[in-house]
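Okay, here's what each chain looks like letter by letter:
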There are 2 protein chains.
Amino acid sequence: MEKTLINLVSSVVIRTDSKVLLVVADGLGGMALPETGLSELETAKHPNLDSLARESACGVTTPIYPGITPGSGPAHLSLFGYDPTKYEIGRGVLEALGSGIKLTCNDLACRANFATYDKSINEIVDRRAGRIPTDKNKELCSFLQKNITEIDGVKVLIKSGKEHRFVVVFTGDGLEFNLTENDPQKEHRAPLAVKAIDNGSKKSEIVINKFIDRVKELLKDEVPANYPLLRGFAKYPDIPSMGKLYKLTPAAVATYPMYRGLAQLVGMEILSTGETLADEIRTVKDNMSKFDFFYLHIKKTDAMGEDGNFDGKVKMIEEIDKYIPEIRGLGFDTIVFTGDHSTPAVMKGHSWHHVPALIWSKFTPINDVQKFTERECMHGSLGRMHACEVMPVALANALKLGKYGA
Amino acid sequence: MEKTLINLVSSVVIRTDSKVLLVVADGLGGMALPETGLSELETAKHPNLDSLARESACGVTTPIYPGITPGSGPAHLSLFGYDPTKYEIGRGVLEALGSGIKLTCNDLACRANFATYDKSINEIVDRRAGRIPTDKNKELCSFLQKNITEIDGVKVLIKSGKEHRFVVVFTGDGLEFNLTENDPQKEHRAPLAVKAIDNGSKKSEIVINKFIDRVKELLKDEVPANYPLLRGFAKYPDIPSMGKLYKLTPAAVATYPMYRGLAQLVGMEILSTGETLADEIRTVKDNMSKFDFFYLHIKKTDAMGEDGNFDGKVKMIEEIDKYIPEIRGLGFDTIVFTGDHSTPAVMKGHSWHHVPALIWSKFTPINDVQKFTERECMHGSLGRMHACEVMPVALANALKLGKYGA
């Protein structure tokens, strides 16, 4: 059988003292502003990133496939070296990770909405219960959690989110997730029953329907949030850990729960940190001796792109640039600086466009890149690569990969 | 399990009102003339294509694999987004499509030659029957068709081709095509019997051998075309339609039967059109409201390349260029302009070389390409891509692809 890249890497990996830093500026890649013909990275002044790029191997990555716009989950899996079309992270799991819940393989997670149900006509009249205030949501979840902790021996965890959204995690043996959802998807329809699509999911069906009934009963006098709609049932995916695959002792530094969750999925130790990039860098510094791989996540580039705030994203890049000397000063053997996907401000969302990447070490080849931009990185020595290939090249640059074959 | 590109695209595709045009200038890619060092595209003046390229994402495609020279069938499948190494179009089917026969999944098609058989020595003495005139071929096929319409309940369709070539299509249930051929491949050998290689093809074996005997009998007094040699037995491949895969309503505009046939294979509606590019563009215009994807095929670039007519191909490119403003004026959201493969006039045939491609939309990223040539497109933002990736990127540019994962 052919070896996949990750299996081949795993077969030649060696444990060494060298240290690797992967900095992910979320949604880093951009698009030209029509008026100037320049992207966010081309507009921003980032002399430190440019100077790092000149000493690095540069390229552009395809997160999934050409034309495919990735969510954060698959985009990060790729950067961690995992084929994102093989390892899928269900919506429920991502939501649970995003709300800071630590999951294990006995957990079945789902997204939930508070909705408004009109008993007299047996219809969901508002799928979002008028977007109740987040405080009301907290109060309801706390009330439900107090009254529902277990169903048929299955533990139930209820965690409130924003407005009408919350997360439910069922913990127990034999909970499969091949289930239909009770959300009718449109208003003025009757809520559906959750049904198992295979035999393995029968137990989940029973427990979840009992859960829905309990919630209905507990909220029967509530207005407008009197009904739970559950979607995106998913289990913790069975992903081999980075420790096992790469013989690394990896740690994650991220300010947002979802990214900490994603890192936890691949077996990283999650370090508590502050709110700012300065805090994150300090966290890395303080833990240098304990780990040989750090994933450092910077959220704000993506947030600015999502908001369509071109100038804000430019400023954010310039802000990050100021920290590059400090990051270089940490003493890593290999530094990767890239994004998980592009979030062009022009598109106000994630996009399929390629993402600039640099891999710095003492062993970078010939490089003509002068500036760290989409345009220049296209012509760098790494060329166009799949994001899955970043980890192998980073490990190689840290001299952590032995020879394949004799 | 890993998702293939086409499955992944299919899982995120959304139906929208946006419209995509795929223009395929057959055999577009070329090679430098030794005297000038310039390819056909580099020699031709095509200011409109250049200006389109400057606003597009440009790249070069590999139709199948590097080094592999494709036939028209696989090259087109690639451009339509189908892995040409997975979906094979048998020779018989391609020949039938090329001769304008509409096939269904009950059809078993093969290529046939009229040959000269010497009964006294039981040898095929001329595998092409002296390349009889096409008119003679027509006359013989019409005579055979009159006398053979059915064998054992299987319908038989005989369609004449050029010189000694014709096509036979057998229509019936349970006709498999795992068969040996009766063509001895060399002259002065005895014709072979058609034999089934598996049990499923037994019925075909019986019917086809009866067909050969009938033809022999009917042509026994003919000189020199008195024997049928059958090759390339193939059935209509089971290819998922573009409508189903991409949620598109696709239409094809092509002047040659083979390309209409290929488009039909992937479920496009075939629009009748005239002989010229002007006719084809008018056909697209007249049908704009009914379809959201158009495949427009231009044959003459390939024909000039095949003839080794460098100047002719240059002129043809210049001729096409004049129509670019009209094509842009049609109002598509995404325009792809590329070739299915290269046909360098210097090589007088298809080649393995990469093919320049441009994808125009409002969402093209940074691009440095100034001219639509092989040389410049290599450095475009699409870089080197597999031809299979053209459709996903085109659909992405038409905002027809949702996010993969959360």
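Fair warning: this is a prediction, and the values are worked out from it, not measured in the lab. (Residues numbered from 1 in each chain as written. Chains lettered and ligands numbered in written order. Predicted model: local features only at pLDDT ≥ 70, side-chain atom pairs only at ≥ 80, totals over all residues. Heavy atoms only, no water.)

1. Remarks on the overall build of chain A
1) Next: Per the secondary structure count, chain A includes 15 helices and 15 strands.
2) Next: In terms of C-alpha radius of gyration, chain A reaches 23 Å, essentially the compact-globule figure of 22 Å for 406 residues.
3) Next: For chain A, the proportion of its 406 residues judged to be buried stands at 57%.
4) Next: Across chain A, every contact between residues at least 6 apart in sequence was considered, and the portion connecting residues at least 24 apart equals 73%.
5) Next: Averaging the coordinates of the 50 positive side-chain charges in chain A and doing the same for the 52 negative ones gives two points 3 Å apart. (Helix = DSSP H or I, 4+ residues; strand = E, 2+ residues; numbered from the N terminus. Rg over C-alpha atoms; globule rule 2.2 N^0.38 Å. Buried < 20%, exposed > 50% of the residue type's maximum accessible area, 1.4 Å probe, protein only. Contact = heavy atoms within 4.5 Å. Lys, Arg positive; Asp, Glu negative; His and termini not counted. Charge placed at Lys NZ, Arg CZ, Asp CG, Glu CD.)

2. A word on the sheet that holds strand β10 (residues 250-253) of chain A
Residue and element names in this part refer to chain A.
1) Next: Pairing is mixed across the open sheet formed by eight strands, whose spatial order is β11-β10-β12-β1-β13-β14-β2-β15. For this open sheet the edge positions go to β11 (269-270) and β15 (383-386), each flanked by a neighbour on one side alone.
2) Next: Pairing geometry for strand β1 (residues 20-25) and strand β13 (residues 334-338), over five bridges, is parallel. In the strand pairing of β13, V20 is matched with T334.
3) Next: Lying on the sheet, helix α10 (residues 277-287) is in contact with β10 and β12 (293-298); it crosses β12 at an angle near 175°. (Pairing = 2+ DSSP bridges. Axes fitted to C-alpha atoms, helices over the stretch in contact; angles between N-to-C directions.)

3. Notes on unusual backbone geometry
Where the residue is not glycine, phi is negative for most of them; where a peptide bond is considered, it is trans in most cases.
Residue and element names in this part refer to chain A.
1) Next: In this structure, P224 follows V223 across a cis peptide bond, with omega equal to 0°.
2) Next: With respect to the secondary-structure elements, P224 resides in the loop between α7 (202-218) and β9 (227-235).
3) Next: Even without a glycine there, the phi angle at D152 is positive, about 50°.
4) Next: Inspection of the secondary structure puts D152 in the loop between β6 (150-151) and β7 (154-160).

4. Topic: the sheet that holds strand β11 (residues 293-298) of chain B
All names here are of chain B.
1) Next: Reading across the sheet, the eight strands line up as β10-β9-β11-β1-β12-β13-β2-β14 and stay open at both edges, with mixed pairing between neighbours. What marks the edges here is a single partner per strand, and that holds for β10 (269-270) and β14 (383-386).
2) Next: Its contacts with the sheet put helix α12 (residues 310-328) on β1 (20-25), β11, β12 (334-338) and β13 (355-360), and the angle it makes with β12 is roughly 165°.

5. A word on the domain arrangement of chain A
Residue and element names in this part refer to chain A.
1) Next: Partitioning chain A into structural domains gives domain 1 (5-87 + 239-397) and domain 2 (95-234).
2) Next: For domain 1 versus domain 2, the distance between C-alpha centres works out to 36 Å.
3) Next: Contacts between the two partners involve six residues from domain 1, matched on the other side by seven residues from domain 2.
4) Next: Of the roughly 440 Å² buried at the junction of domain 1 and domain 2 (both faces included), carbon and sulfur atoms supply 65%. (Domains from an automatic or database assignment. Buried area = accessible area lost by both parts, 1.4 Å probe.)

6. Notes on the pattern of salt bridges
1) Next: Tallied over the full model, the rule gives 32 salt bridges over all chains.
2) Next: Linking E163 of chain B and R131 of chain B is a salt bridge whose minimum nitrogen-to-oxygen distance equals 3.0 Å. Placement of the pair is E163 of chain B in the loop between β6 (154-160) and β7 (165-171) and R131 of chain B in the loop between β4 (123-126) and α6 (134-147), with a sequence separation of 32 residues.
3) Next: The residue K210 of chain B makes a salt bridge to D152 of chain B at a minimum N-O spacing of 2.8 Å. Of this pair, K210 of chain B sits in helix α7 (residues 202-218) while D152 of chain B sits in the loop between β5 (150-151) and β6, and the two are 58 residues apart along the sequence.
4) Next: On the accessibility criterion, K210 of chain B (37% relative accessible area) is partly exposed.
5) Next: When salt bridges that share partners are traced, they join E42 and R375 of chain A together with D368 of chain B into one network. (Salt bridge = Lys/Arg side-chain N within 4 Å of Asp/Glu carboxyl O.)

7. Considerations on the state of the cysteines
1) Next: Applying the stated criterion across every chain, the model contains zero disulfides over all chains.
2) Next: Cysteine C141 of chain A shares no disulfide, and the gap to the nearest cysteine sulfur, in C110 of chain A, comes to 12 Å.
3) Next: Overall, C141 of chain A belongs to the buried group, its relative accessible area being 2%.
4) Next: In this structure C388 of chain B is not part of a disulfide, and its nearest cysteine sulfur, from C388 of chain A, lies 19 Å away. (Disulfide = S-S within 2.5 Å.)

8. Some remarks on the packing of helix α6 (residues 134-147) of chain A against α7 of chain A
Residue and element names in this part refer to chain A.
1) Next: Where α6 contacts α7, the two axes come as close as 11 Å, and the packing angle between them is 120°. With respect to their mutual orientation, α6 and α7 come out oblique. In terms of crossing hand, the pair formed by α6 and α7 is right-handed. Seen from α6, the contacting residues are F143, L144 and N147; seen from α7, they are R214, V215 and L218.
2) Next: Looking at the contact of α6 with α7, its residues break down into four nonpolar, one polar and one charged. (Parallel < 35°, antiparallel > 145°, perpendicular 65-115°, else oblique. Left-handed = near helix turned anticlockwise from the far one by under 90°. Nonpolar A, V, L, I, M, F, W, Y, C, P; charged D, E, K, R; others polar.)

9. Let's talk about the relation of the copies chain A and chain B
1) Next: Of the transformation superimposing chain A on chain B, the axial component is 0.1 Å and the angular component is 123°, with the fit at an RMSD of 0.4 Å. In short, the pair behaves as if placed about a three-fold rotation axis.
2) Next: Little of the interface of chain A is mirrored in chain B: 6% of its interface residues are interface residues there too. (Least-squares fit on C-alpha atoms with pLDDT ≥ 70 in both.)

10. Quick look at the interface of chain A and chain B
1) Next: Contact with chain A, which involves 32 residues of that partner, is made by 33 residues of chain B.
2) Next: Buried area between chain A and chain B, both sides added, is near 2,500 Å², and the carbon and sulfur share of it is 64%.
3) Next: A salt bridge links R375 of chain A to D368 of chain B; its shortest N-O distance comes to 2.7 Å.
4) Next: At the junction of chain A and chain B, the tally comes to 11 residue pairs in polar contact (both at pLDDT 80 or more).
5) Next: Going through the elements one at a time, β3 (69-70), α4 (72-79), α5 (91-98) and α14 (374-377) of chain A are the ones with two or more residues in the side of chain A that touches chain B.
6) Next: A per-element tally of the side of chain A that touches chain B places α4 of chain A first, with three residues. (Polar contact = N/O pair within 3.5 Å; in protein donor to acceptor, adjacent residues only side chain to side chain.)

11. Overview of the pairing of β9 of chain A
All names here are of chain A.
1) Next: Most of β9 sits out of view: nine of its nine residues are buried.
2) Next: Inspection of the sheet shows strand β4 (residues 107-118) paired to β9 by seven bridges, in the antiparallel sense. Across the sheet, L108 pairs through a bridge with K235, a residue of β9.

12. Observations regarding the pairing of β4 of chain B
Residue and element names in this part refer to chain B.
1) Next: Pairing geometry for strand β3 (residues 107-118) and β4, over three bridges, is antiparallel. Note on β4: the bridge partner recorded for D118 is E123.
2) Next: The turn joining β3 and β4, which pair antiparallel and follow one another in sequence, is formed by four residues; a positive phi near 50° is taken by N122.

13. Here we look at helix α15 (residues 390-397) of chain A
For the α-helix, the turn length of 3.6 residues means that residues three or four positions removed from each other point alike.
1) Next: Counting buried positions along α15 of chain A yields six of eight residues, so the element is predominantly enclosed.
2) Next: One or two positions beyond α15 of chain A, positive phi appears at L399 of chain A, with a value near 55°.

14. Structural notes on the environment of K285 of chain A
1) Next: When you line up the elements, K285 of chain A lands in helix α10.
2) Next: Through-space distance from the C-alpha of K285 of chain A to that of C377 of chain A is 29 Å; in sequence the pair is 92 residues apart.

15. Brief notes about the side chain of E374 of chain A
1) Next: Its place among the elements puts E374 of chain A in helix α14.
2) Next: Look at E374 of chain A: it is buried, it has no salt bridge, and the nearest opposite charge is K313 of chain A at 6.1 Å.
3) Next: In this structure the side chain of E374 of chain A is engaged in a polar contact, spanning 2.7 Å, whose partner is the side chain of S39 of chain A.
4) Next: Setting aside residues up to four positions removed in sequence, E374 of chain A forms contacts with L28, G29, G30, S39, L41, E42, V60, H354 and P356 of chain A together with I366 of chain B.

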